[in-house]
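Structural characterization, general
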Amino acid sequence: MRLKISLLKEPKHQELVSCVGWTTAEELYSCSDDHQIVKWNLLTSETSQIVKLPDDIYPIDLHWFPKSLGVKKQTQAESFVLTSSDGKFHLISKLGRVEKSVEAHCGAVLAGRWNYEGTALVTVGEDGQIKIWSKTGMLRSTLAQQGTPVYSVAWGPDSEKVLYTAGKQLIIKPLQPNAKILQWKAHDGIILKVDWNSVNDLILSAGEDCKYKVWDSYGRLLYSSQPHEHPITSVAWAPDGELFAIGSFHTLRLCDKTGVRNVLNDAVDLLEFRDRVIKASLNYAHLVVSTSLQCYVFSTKNWNTPLIFDLKEGTVSLILQAERHFLLVDGGGIYVYSYEGRFISSPKFPGMRTDILNAQTVSLSNDTIAIKDKADEKIIFLFEASAGKPLGDGKLLSHKNEILEIALDQKGLTNDRKIAFIDKNRDLYITSVKRFGKEEQIIKLGTMVHTLAWCDTCNILCGLQDTRFTVWYYPNTVYVDRDILPKTLYERDASEFSKNPHIVSFVGNQVTIRRADGSLVHISISPYPAILHEYVSSSKWEDAVRLCRFVKEQTMWACLAAMAVANRDMTTAEIAYAAIGEIDKVQYINSIKDLPSKESKMAHILMFSGNIQEAEIILLQAGLVYQAIQININLYNWERALELAVKYKTHVDTVLAYRQKFLETFGKQETNKRYLQYAEGLQIDWEKIKAKIEMEITKERERSSSSLSSKNMGLKH
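Residues numbered from 1 in each chain as written. Predicted model: local features only at pLDDT ≥ 70, side-chain atom pairs only at ≥ 80, totals over all residues. Heavy atoms only, no water.

**Focus: the sheet that holds strand β7 (residues 88-93)**
Read across the open sheet, the four strands follow the order β5-β6-β7-β8; overall the sheet is antiparallel. Each edge of the open sheet carries a strand with a single partner, namely β5 (59-64) and β8 (98-103). Here the strands of the sheet are splayed against their neighbours by 20° on average, with no regard to which way each runs. Where β7 and β8 come together, five bridges link them in antiparallel fashion. Bridge pairing in β8 places F89 opposite V102. (Pairing = 2+ DSSP bridges. Helix = DSSP H or I, 4+ residues; strand = E, 2+ residues; numbered from the N terminus. Axes fitted to C-alpha atoms, helices over the stretch in contact; angles between N-to-C directions.)

Pasting the structure below:
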């Protein structure tokens, strides 16, 4: 990315420009010691004077009132706060009318910032005070007071904390009284500027030691620049947290790189746009480019004729792509479009703030949109991509801890859609998006996971896990057979990526990781698991077995075992389990084959996957009450076994007999009151019980064969 700077031949300001503020991607306001406020338009290169301030007002800082979906009247949103050297701050409309001037500090007001909701304003000054004001300019509180001037201030992402400078120190102070204050030495010289990004929760600081630094919200240093020739006097994050700018004497720095190149024949296409490019995304054979006025959709097969449509707002902060459509986020909302440029949907929820959405808090698949809630960070909203309506019965996905990053898998059927997420403890979880009326299990996949990504061509998940790069070749294994999950993983050392790396993309079998220093590292994983996924999705089980025999890797056989059980193909499952030495499971699968009815077989396959309740429901619905009782006996679930026997008035003596045998084996006496109650006066006759069990099995076998013969009769007719 090239930083383009334009200088007009006739500058409009006669003195030093002290502060600037963007209203849109193409409109800028500037204030100067010549007392003028000037509006600049980048599209037309026109400038116009908005207002001439009184001669005693020397501007220092400017901040626009935040745009919010909650603001119905745009009058307040079309205004800004201007701080000045006379100890006042001024609320000024977009047209240049001074709505209010407030005496705020003794000495100059050095900075003023609206919080993200626009409900409060913080000002700091030469008098060392930090003051909180209402949006109409009424003093709410003096948050802190110190002996040295406070040069800069920023709100925390939740608008509950304020970051300010104190000489060489940085201080984070919560608004709540008596809450813990975080303070640390950040620079070797006086700190002149700070900024705190609401999307990535990172802090920028710059000072007279000629360095700029990046911190996390706990005060841990993530990056420190080399000393520059002059003090760094200005820093600012881009709203999406992907870039930041730093300013010094005759210096303005911005670092990033984006390009399009055909690596097969090294051909380069130069794509030119009428307006300034704001965002671009390349995936699924399409390049989506947002300018200040329009959106361009290019197919990688044809770069010459893009599809173009106008944007409602020219401030696109995020582009996400899925196979069938893409998503745009701007200051007004979230919009889903097809690659033909057709508007599809615009999901909304109460209190939605688009300014803080990024690739970690929004995820898109062919059928689902997932958005992390900012008001309650334990909640994920799920929407249908086609209609923008809440998914299914409108249930939210709720977790016990705050969620940091979310990602939807990309392939397969809607009913099998999974979402993976990382919580505040850096634990990785997976769960189903559709929950079919019951609360789906949220299962932990890994710990100390810092970043994750799904493959675009099949449902393989990768993540950076502490000092390891981990690939979950078949994450669904946790729902099928959690015991073999470790055998389905690929792991390698990740120390080469240094501190705080981030997964940029996972395309095919290529994973791209950005290191903290900005450099990109590419990792290739085995192509065979993706081929295995493809065979299984097409039910080509013989091809899948042949592939595993060719590759001869335990991970492949373990994945195939789990895939086969998930798809109820027990013949393939038996082969795969035998290949990884799981002999007990091979024997269990063999025993399933000998069961007399398809309901029994299905129930035992569900039991194999740990779905005991579902197995029991299938048996009871089929009228196989004894089998439902027996599976609870086999699992030593004695309470439930007796409950079923009493409820259906059958096999109470069977349950009591097995319970007595169990206690005798361990040399224990019966203490359960219910068992004592039903055992009273009852004689256990094993011959009679065995005869009853044999009769149940015969009855089940006869019913199964009769239903099969009636089916065959139907086929003949």
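Now that the structure has been shown, the text picks up again.
**With respect to helix α10 (residues 638-647)**
W638, A641, L642, L644 and A645 are the residues of α10 that are buried. Projection of α10 onto a plane perpendicular to its axis shows the buried side chains occupying an angular sector of 160°, all on one side. Looking at the packing, one finds that the buried side of α10 touches α8 (612-621), α9 (625-634), α11 (652-665) and α12 (673-679). Downstream of α10 by a residue or two, K649 has a phi angle that is positive, lying close to 55°. (Buried < 20%, exposed > 50% of the residue type's maximum accessible area, 1.4 Å probe, protein only. Arc of directions from axis to C-beta. Contact = heavy atoms within 4.5 Å.)

**Focus on the pattern of salt bridges**
Going through the model one piece at a time under the given rule, you end up with 27 salt bridges. Salt-bridge contacts for E496 lead to R492; the nearest nitrogen and oxygen are separated by 2.4 Å. Linking E616 and R640 is a salt bridge whose minimum nitrogen-to-oxygen distance equals 2.4 Å. Pair noted here: E616 is in helix α8 and R640 is in helix α10, with a separation of 24 residues, a long-range link. Here E616 falls in the buried class, since its relative accessible area comes to 9%. For R640, a relative accessible area of 23% puts it in the partly exposed group. Via salt bridges that share partners, D481, D483, K487, E582 and K585 belong to a single interconnected network. (Salt bridge = Lys/Arg side-chain N within 4 Å of Asp/Glu carboxyl O.)

**Things to note about the packing of α9 against α11**
The interhelical angle for the contact between α9 and α11, taken along N-to-C directions, is 15°, at an axis separation of 11 Å. Compared by their axis directions, α9 and α11 come out roughly parallel. Considering how the two elements wind past one another, α9 and α11 form a crossing that is right-handed. Of the residues in α11, those touching α9 at Y626, I629, Q630 and I633 are T654, V655 and Y658. (Parallel < 35°, antiparallel > 145°, perpendicular 65-115°, else oblique. Left-handed = near helix turned anticlockwise from the far one by under 90°.)

**Describing the nonpolar core**
In terms of nonpolar packing, the biggest core is built from 49 residues, with F469, L532, L560 and Y577 touching the most fellow members. If sequence neighbours within four positions are ignored, L532 has contacts with A544, L547, C548, M556, C559, L560 and M563. (Core = buried A, V, L, I, M, F, W, Y, C linked by side-chain atoms within 4.5 Å.)

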